[in-house]
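# Summary of the model geometry
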Amino acid sequence: MLASGIFPSLGTVSAVGRLRPGVRTCGPSSGPRGRTTGPHSACRVPPVPLVPVLLVLLILGLARLPGAAQAQPGLELAFVDSSSTFFGRLGMHPHYTSSLSLLETSSTWNQGFQVARALGPVSTRTQLDLAITKNSAQQNYRRNGGKGLVELAYNAAALGGLASGTRIDWRRSLEKSDFSRTVENGSNIDLFVDAKTPEHLIRDLFAMSDSSASFSWDLGGSFGLTETKSIRQNRERARRYLTKYDSTSTDGWQRQFDSLFRAGPGDSWEVTASGSATDASEDSYTRSQEWLYDPRNLDTPPAFSDSVLSEPNANRARSARGGLRLKPGRLLSLKVDGDYRSTRQQLYDTSKRERDTRTVLDHKVSGSLGSKLNDALEITLEGRSNFVNNGAQRNENLRTGKRENGGKATVDLLVPDWAGPLRAIEMTTEVERTDTEFTYFTTPDYQRRLFRLNQIIRRKLNQAVTLSVQGEGRLTSDHYLDGAQDRDELRWSGNGTLNYKPQGSKFSGRITFDRTETNTINIAAERSIGNATDTNYSISANYDYKLSPNVTFNQKYLLSAAYSVFDFREDSNRLVRSTQVTTGLNSRLGERATLKLEHRYTFKDLGSYVRLVQTDPRTYAKSNEENNQHLFVETRYEAMQGFEFHGSQKFEVRESTTLASGKVTRTERLDLLSGVSLDHQFSTLFSVRASVDRANKVPGKDHWRISASLDRKF
């Protein structure tokens, strides 16, 4: 009954979902069979968004209910004890949340309500979540959805943590657009039992006498009935005739069992083990209808097909996970993890228009061994193995698989003080290898092998200056079964950073240099035309200077160059150079106002990088230049705690010049944003966040941007 009140019918949208503030309602209307009858006689643009006004009234109303402190002058609000509220005296604490978002073409409204109540050993829990989404830019997409849960449980405290009861949950979803409609409904009812085994029973069961260790074993199981209903419709785009209709309904049962075991104090050792098993059986009835229209004459009667598929589905899921942590002493630590998952799901495939069985098999094993020999040297060894296989009985495009084995060694070294000028140098060395085997139905199977060497060196020269250097080498090899796409990729990278940050100084800065070179080699001769070497250089410098306690000035300079050189296509070589300067100012004006300024200038040129004679060096010939400027100004004023006015302006100019023809392309964009925001906690039980902005775009359309959320506990 609750669901039917929220969704009066599957073919309509609730009244709340039809609120579209600030959107024009003019345009051509459609007559019978989709024919256009002409424009509307009038256009209506509401001057003030209606939903935010209603939300503000709701916030004010909730704020005056028992449990919410009333606003005092200056918004110095008192906190209240929930036990003094009406619901608190009943032992109930309802919790209501709501969020609203209105953008240029889309709107989203989410609501949630939950309440729990305990009467001795009996407890109840109710939860309701609703969502309404619309987007006029995506073929007038709209979605109404909701889900609910009601739980009644009996807790037998005398048995050390045994609870049993029933759960009823439901879900409803309606999605519509100009050319499609989808309905997804479902309901479940379960009987469940959850048990927490007392710790002393576990000690006796496993004959454990270590009094310093802690143990827990949680068991849970459920059995229930389930039903689902799914409807999918598609329409022809020209005149929106119905072309496909699929309807699937299922009903059956499901059962589940869970187990979680944990032992260990967590300092020297810990063992965890968990498992889960789920089975479901249902009778499925699917009806598929399809209308095939003649595209040359849509008014002729279409060809029609009607089919029915009725058969049982059997779904299954198994999972197990285990973990071991050992730290027998200060110098050694061991960690091992294992994970296994197997699922089988049977469902109706809308693309193949028949039932399909999909399976997933996934198991992982990983382990690491670490040893801290002393304060200067630490070694870590890691290994992992992973296997994933996804299968489909009829839809071959869904078949995928991957098998991966890998290992990694890490050495952390801190050069001791007796090393003289090399003391205090930190070095991290990483060596890694990964072998991966891919299996895909749509592309040839292939294997990938990765070798990686990474070296990081850090040195603090003094209290203000720190130097860091990093280098990495990476070799990736792909080998296909047919050999046609085999290739190798060798990548070298190196960077250095010099930080200057003296304690107590108003000035801090950083200089960074980076170089990356990637060599791509296709093994097959017919693909060797793509062999290339890409080299990137960049150098940047930035600094911050605090002019006063309330004013900070910063600048950043960036120079970069990217070379692409092909082994067998000299005329395809390219060079792209870029220069960028960013200047910023952050200022606090008094105690309530802030000002932020940012200007960014970017100059970029690009062209060919070739040599006319094989023995000559390559020369650069520019073909295009780009000049981009970006200016951003933002001001904020905090009228009172949690409430502020804000405004921003963003102006961008992009200018591109083709040197050969002298053609200049220039674009300008101006964005203005102004509004107010509220972020306040009225009491320990009630908080609100809201923002209302007016956006002006040139070019573009003016529109409202509104977001609001509230959290109310009664």
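If you're wondering where the values come from, they're calculated on a predicted model, not measured in any experiment.

### Points about the overall build of the chain
The secondary structure content of the chain amounts to four helices and 30 strands. A total of 714 residues make up the chain; the buried ones form 30% of that total. Nonlocal contacts in the chain, meaning residues at least 24 apart in sequence, comprise 54% of its contacts between residues at least 6 apart. Counting only carbon and sulfur atoms, one obtains 56% of the accessible surface of the chain, whose full area is about 42000 Å².

### Things to note about the nonpolar core
Judged by nonpolar contacts, Tyr96, Phe682, Phe686, Val688, Leu710 and Phe714 together constitute the single largest core of six residues. Counting five residues, the second-largest nonpolar core is a separate cluster that includes Leu174, Val183, Ile231 and Tyr245.

### Focus: the pairing of strand E25 (residues 593-610)
Note: strand E24 (residues 574-589) against E25, 16 bridges, orientation antiparallel. Considered in E25, the bridge of glycine 584 is made with glutamate 598. Two successive antiparallel strands, E24 and E25, enclose a turn made up of three residues, where glycine 590 displays a positive phi of approximately 75°. For E25 and strand E26 (residues 619-640), the ladder comprises 18 bridges, and the chain directions are antiparallel. Pairing of threonine 594 across the sheet is with arginine 636, part of E26.

### Re the pattern of salt bridges
Per the stated rule, a full pass over the model turns up 37 salt bridges. Aspartate 218 serves as the salt-bridge partner of lysine 196, at 3.5 Å between the closest nitrogen and oxygen. Here lysine 196, found in strand E8 (residues 180-197), pairs with aspartate 218, found in strand E9 (residues 215-235); they are 22 residues apart in sequence, far enough to count as distant. Where glutamate 625 meets lysine 622, a salt bridge forms, and the shortest distance between an N and an O atom there is 2.9 Å. We classify glutamate 625 as buried; its relative accessible area is 19%. Using a relative accessible area of 36% as the deciding quantity, one classes lysine 622 as partly exposed.

### Some details on the pairing of strand E28 (residues 663-683)
In this structure, strand E27 (residues 643-658) lies alongside E28, joined through 16 bridges in antiparallel fashion. Its bridge partner being in E28, glutamate 644 is matched across the sheet by serine 677. Counting the residues in the hairpin turn of E27 and E28 gives four residues, including glycine 662, whose phi is positive at 75°. Direction of pairing for E28 relative to strand E29 (residues 686-698): antiparallel, over a ladder of 13 bridges. Looking at E29, one finds that serine 677 is bridged to serine 691. Counting the residues that bridge the hairpin from E28 to E29 gives two residues.

### Regarding the confidence of the model for the chain
Mean pLDDT over the chain: 84, with 83% of residues reaching 70 or higher. Model confidence for the chain, summarised as mean pLDDT per element, is weakest for helix H1 (residues 2-6) at 36 and strongest for strand E23 (residues 551-566) at 97. The low-confidence segment residues 1-82 (pLDDT under 50) makes 133 contacts with residues lying over four places distant or belonging to another chain.

### Things to note about the packing of aromatic side chains
The relative placement of two aromatic rings is captured by the distance of their centres and the angle of their planes. Evaluated as defined, the whole model comprises 14 aromatic pairs. Residues tryptophan 217 and phenylalanine 261 carry aromatic rings whose centres are separated by 6.2 Å and whose planes lie at 85° to one another, so their mutual orientation is edge-to-face. Here tryptophan 217 is found in strand E9, whereas its partner phenylalanine 261 is found in strand E10 (residues 242-263), with 44 residues between them in sequence. Exposure remark for tryptophan 217: the relative accessible area of 22% places this residue in the partly exposed category. Its relative accessible area of 14% is what places phenylalanine 261 among the buried residues. Note on phenylalanine 507 and tyrosine 543: the rings are 5.7 Å apart at their centroids and 25° apart in plane angle, and the pair reads as stacked. One end of the pair, phenylalanine 507, is in strand E21 (residues 507-522); the other, tyrosine 543, is in strand E22 (residues 532-548), with 36 residues separating them in the sequence. On the basis of relative accessibility, which here comes to 23%, the residue tyrosine 543 falls in the partly exposed class. Ring-pair connections join several aromatic residues into one group, and the members of that group are Phe438, Tyr440, Tyr446 and Tyr480. A cation over an aromatic ring shows up here: arginine 167 above the ring of phenylalanine 192, its NZ or CZ 3.8 Å from the ring centre. Looking at arginine 712, its charged tip hangs above the ring of phenylalanine 714, at a distance of 4.6 Å from the centre.

### Here's the deal with unusual backbone geometry
Cis peptide bonds are those with omega within 30 degrees of zero, and the linkage from valine 698 to proline 699 qualifies with 0°. Phi angles above zero are rare outside glycine, and asparagine 140 is one such case at about 55°. Mapped onto the secondary structure, asparagine 140 falls in the loop between strand E5 (122-135) and strand E6 (141-156). For asparagine 140, a relative accessible area of 35% translates into the label partly exposed.

Parameters at a glance
- Residues numbered from 1 in each chain as written.
- Predicted model: local features only at pLDDT ≥ 70, side-chain atom pairs only at ≥ 80, totals over all residues.
- Heavy atoms only, no water.
- Helix = DSSP H or I, 4+ residues; strand = E, 2+ residues; numbered from the N terminus.
- Buried < 20%, exposed > 50% of the residue type's maximum accessible area, 1.4 Å probe, protein only.
- Contact = heavy atoms within 4.5 Å.
- Areas by Shrake-Rupley, 256 points an atom, 1.4 Å probe, with all protein chains shown as cover.
- Core = buried A, V, L, I, M, F, W, Y, C linked by side-chain atoms within 4.5 Å.
- Pairing = 2+ DSSP bridges.
- Salt bridge = Lys/Arg side-chain N within 4 Å of Asp/Glu carboxyl O.
- pLDDT = per-residue confidence, 0-100.
- Phe/Tyr/Trp six-rings, centres within 6.5 Å; stacked < 30°, edge-to-face > 60°.
- Lys NZ or Arg CZ within 6 Å of the ring centre and 35° of its normal.

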